[in-house]
Amino acid sequence: MTSRQAEQDMLNQCAAVAHATVLVAADQKEANIFRVAAMVVQSRFPLEAARLSAASESYLSLHPNEQLPAGEVASRGWILSLPRLKDALTSRLAR
């Protein structure tokens, strides 16, 4: 899988959570991505951000030691950058 495809898959999963199709993160990676995604879209999409945050929290409340700072989420390559995540997810949610 290319990095572009991995990014599209991640954005699709974030959009599914934001639109209440998926309600819980499956693992540490998803939980942290959803938490960061909620932070970056909160001002423009508060309802969707709340759903992303809830999906993240449902996992991280059971695994609190797995929560990572946003910079670490990017360092691990789970997101390319905060601005890119914000732009791509904002575009996806605006559709």
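The rules behind these values
- Residues numbered from 1 in each chain as written.
- Predicted model: local features only at pLDDT ≥ 70, side-chain atom pairs only at ≥ 80, totals over all residues.
- Heavy atoms only, no water.
- pLDDT = per-residue confidence, 0-100.
- Helix = DSSP H or I, 4+ residues; strand = E, 2+ residues; numbered from the N terminus.
- Expected span 1.5 Å × (residues − 1).
- Buried < 20%, exposed > 50% of the residue type's maximum accessible area, 1.4 Å probe, protein only.
- Polar contact = N/O pair within 3.5 Å; in protein donor to acceptor, adjacent residues only side chain to side chain.
- Axes fitted to C-alpha atoms, helices over the stretch in contact; angles between N-to-C directions.
- Parallel < 35°, antiparallel > 145°, perpendicular 65-115°, else oblique.
- Left-handed = near helix turned anticlockwise from the far one by under 90°.
- Contact = heavy atoms within 4.5 Å.
- Nonpolar A, V, L, I, M, F, W, Y, C, P; charged D, E, K, R; others polar.
- Core = buried A, V, L, I, M, F, W, Y, C linked by side-chain atoms within 4.5 Å.

### Some remarks on the confidence of the model for the protein
Then, in step 1: For the protein, per-residue confidence averages 94 on the pLDDT scale, and 100% of positions sit at 70 or higher.
Then, in step 2: Averaged pLDDT values for the elements of the protein fall to 92 in helix 1 (residues 3-18) and rise to 97 in helix 2 (residues 28-41).

### Looking at helix 2
Then, in step 1: Between its first and last C-alpha, helix 2 extends 20 Å over 14 residues, near the 20 Å set by a 1.5 Å rise per residue.
Then, in step 2: Buried within helix 2 we find Glu30, Ala31, Asn32, Ile33, Phe34, Arg35, Val36, Ala37, Ala38, Val40 and Val41.
Then, in step 3: A side-chain oxygen of the first residue of helix 2 lies 3.3 Å from the backbone nitrogen of Lys29; this N-cap is Asp27.

### Observations concerning the packing of helix 2 against helix 3 (residues 46-60)
Then, in step 1: Two numbers describe how helix 2 lies on helix 3: the axes approach to 8 Å, and their chain directions differ by 155 degrees. With respect to helix 3, the axis of helix 2 lies roughly antiparallel. The two elements helix 2 and helix 3 cross, and the hand of that crossing is left-handed. Of the residues in helix 3, those touching helix 2 at Gln28, Ala31, Asn32, Phe34, Arg35, Ala37, Ala38 and Val41 are Pro46, Ala49, Leu52, Ser53, Ala55, Ser56, Tyr59 and Leu60.
Then, in step 2: Considered class by class, the residues forming the contact of helix 2 with helix 3 number 11 nonpolar, four polar and one charged.

### Considering the nonpolar core
Then, in step 1: Among the nonpolar cores identified, the biggest contains 28 residues, and Cys14, Ile33, Phe34, Val41, Leu52, Leu85 and Leu89 are the most heavily contacted of them.
Then, in step 2: With eight residues, helix 2 is the largest single contributor of residues to this core.
Then, in step 3: Not counting residues within four places of it along the chain, the set of residues in contact with Cys14 comprises Ile33, Phe34, Ala37, Leu52 and Leu89.

### A few points about the packing of helix 1 against helix 5 (residues 82-94)
Then, in step 1: Where helix 1 meets helix 5, the closest approach of the two axes is 10 Å, and the angle between their N-to-C directions is 55 degrees. Taken together, the axis directions place helix 1 and helix 5 in an arrangement best described as oblique. For the element pair helix 1 and helix 5, the recorded crossing hand is right-handed. Listed contacts from helix 5 to Arg4, Glu7, Gln8, Met10, Leu11, Asn12, Cys14, Ala15 and Ala18 of helix 1 are Arg84, Leu85, Ala88, Leu89, Arg92 and Leu93.
Then, in step 2: Here the contact of helix 1 with helix 5 is composed, by residue class, of nine nonpolar, two polar and four charged.

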